[in-house]
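Geometric and topological summary
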Amino acid sequence: MSENLVLIKTGDGSDTLFVPELNEHYHSTFGAVQESQHIFIGAGLRLMIDDLRLTITNSTDRCHASSDNPTLNILEIGFGTGLNALLTLMESEKTGINIHYTSIEAYPLEENIWRKMNYPDMTGSSDKSLLFEKLHQAEWNKNVAISPLFTLHKIHEVLESFHPAAEQFNLIYFDAFGPGVQPWLWTEQIFNRLFHGIVPGGILVTYSVKGLVVRALKAAGFTVEKLSGPPGKRHILRARKQMK
């Protein structure tokens, strides 16, 4: 697929990719970085970091963390350009929170494509180029330490064949291509598996607010709320697995 991809500039100056055969972009054309920051970092990661800190304060182990070495386990559906992973890594450095980041990708980008993406430049920090490179060059299907606080486990397979362990993850970034393009990824069956794999109190965030997505999430057991979206998008979804 990557040989047909078209690199384009989005509204905030950051790059994205267009897939002609799907008529689909990897990110919002209004701004790739600002979209990811708003949905996955703002509505997802920062909330879970706050929850983790509260958990530590209350001396519980709900997030599988110790007070000496708190860890968030994140699952990303669609590694894609590596943008969400890079922004999450940066947030771990900023907050001092250890993150174990699992990402599923069926169609990895070729090096000549991801090297053209300008995300390290958009962060305002030149040292992020090396980290971005390490994210993409990390060996598949094994844990790789990208930084002292961030471990990456990229899984090269289709989502349909992925079965997480029970209560394995605190947070899920659901960033697959849209339900109009890949409807088989946005089903009750898929969300049932993810519900099984997320801890009580854990959340799933996604950009799609289509009725079929809301219904599938609710049928799987999630409590769903609509939140304000980034520029160019009215709403996003945040789904939570309620505490037992």
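Going by the structure above, here's the rest.
Now for a description of the structure that goes with this document. (Residues numbered from 1 in each chain as written. Predicted model: local features only at pLDDT ≥ 70, side-chain atom pairs only at ≥ 80, totals over all residues. Heavy atoms only, no water.)

**A word on the overall build of the chain**
Rules: Each helix corresponds to a stretch of at least 4 residues labelled H or I by DSSP, and each strand to a stretch of at least 2 residues labelled E; elements are numbered beginning at the N terminus. Relative accessibility decides the category of a residue: with a 1.4 Å probe and only protein chains considered, values under 20% of the type maximum give buried, values over 50% give exposed, and everything between is partly exposed. In what follows, residue pairs with any heavy atoms lying within 4.5 Å of each other are defined as contacts. What sets the accessible areas is the Shrake-Rupley method with a 1.4 Å probe; for residues, cover comes only from the shown protein chains.
Each helix and strand counted, the chain has seven helices and 11 strands in total. Judged by the C-alpha coordinates and their principal axes, the chain covers about 50 × 40 × 35 Å. The proportion of buried residues among the 244 residues of the chain is 53%. A separation of at least 24 residues holds for 66% of the contacts in the chain among residues at least 6 apart in sequence. Roughly 10,700 Å² of accessible area belongs to the chain as shown, and the carbon and sulfur atoms make up 50% of that amount.

**Quick word on the side chain of Thr102**
Relative to the helices and strands, Thr102 is located in strand β5 (residues 98–104). Taking the relative accessible area as the measure of exposure, Thr102 reaches 3% and is therefore buried. In contact with Thr102, not counting residues within four places along its chain, are Ile74, Leu75, Glu76, His153, Ile155 and Phe169.

**Side note on the packing of aromatic side chains**
The cut-off we apply is this: Here a Phe, Tyr or Trp ring, Trp counted by its six-membered ring, pairs with any other such ring whose centre lies within 6.5 Å, and the pair is stacked when the planes are under 30 degrees apart, edge-to-face when over 60, and tilted otherwise.
Applying the stated rule across the entire model yields 10 aromatic pairs. Their ring planes at 90 degrees and their centres at 6.1 Å tell us that Tyr119 and Phe132 sit as a pair that is edge-to-face. Note that Tyr119 is positioned in helix α4 (residues 119–122) and Phe132 in helix α5 (residues 128–137), a separation of 13 residues in sequence. Neither Tyr119 nor Phe132 differs from the other in exposure class; each is buried.

**Side note on the packing of helix α2 (residues 83–95) against α5**
The cut-off we apply is this: To get an axis, fit a line to the C-alpha atoms, keeping to the stretch in contact for a helix; angles then go from 0 to 180 degrees between the N-to-C directions. Throughout, the term roughly parallel applies to angles under 35 degrees, roughly antiparallel to angles over 145, roughly perpendicular to angles from 65 to 115, and oblique to all others. Note on convention: the crossing is left-handed when the near helix lies turned anticlockwise from the far helix by less than a right angle, right-handed when the turn is clockwise. Side-chain classes are defined by residue name, with Ala, Val, Leu, Ile, Met, Phe, Trp, Tyr, Cys and Pro counting as nonpolar, Asp, Glu, Lys and Arg as charged, and the others, Gly among them, as polar.
As a packed pair, α2 and α5 sit with axes 10 Å apart at the nearest point and diverge in direction by 125 degrees. Comparing the axis directions of α2 and α5 gives the class oblique. Regarding α2 and α5, the two cross each other, and that crossing is right-handed. On α5, the residues touching Ala85, Leu86, Leu89, Met90 and Glu93 of α2 are Lys128, Leu131, Phe132 and Leu135. Here the contact of α2 with α5 is built from residues that sort into seven nonpolar, no polar and two charged.

**Focus: the environment of Phe177**
You can see Phe177 is positioned in the loop between β8 (169–174) and α6 (188–197). You can call Phe177 buried: its relative accessible area is 14%. Considered as a pair, Phe177 and Glu35 are 142 residues apart in the sequence and their alpha carbons are 15 Å apart.

**Topic: helix α7 (residues 211–220)**
Selection criterion: Note that the arc is computed from the directions linking the helix axis to the C-beta atoms.
Of the residues making up α7, those classed as buried are Val213, Val214, Ala216, Leu217 and Ala220. Angular distribution of buried residues about the axis of α7 spans 165 degrees; they occupy a single face of the element. Facing away from the buried side of α7, by more than 90 degrees, are the exposed residues Arg215 and Lys218. Packing partners of the buried residues in α7 comprise α6, β9 (198–206), β10 (223–228) and β11 (235–240). A positive backbone phi angle near 115 degrees is found at Gly221, which sits one or two residues after α7.

**Focus on the packing of α6 against α7**
Geometrically, a packed helix pair is captured by the angle between its two axes and the distance between the axes. Taken N-terminus to C-terminus, the directions of α6 and α7 make an angle of 45 degrees; their axes are 8 Å apart at the nearest point. Here α6 lies oblique to α7, going by the angle between them. Note on packing geometry: the crossing formed by α6 with α7 is right-handed. Listed contacts from α7 to Glu188, Phe191, Asn192 and Phe195 of α6 are Val213, Ala216, Leu217, Ala219 and Ala220.

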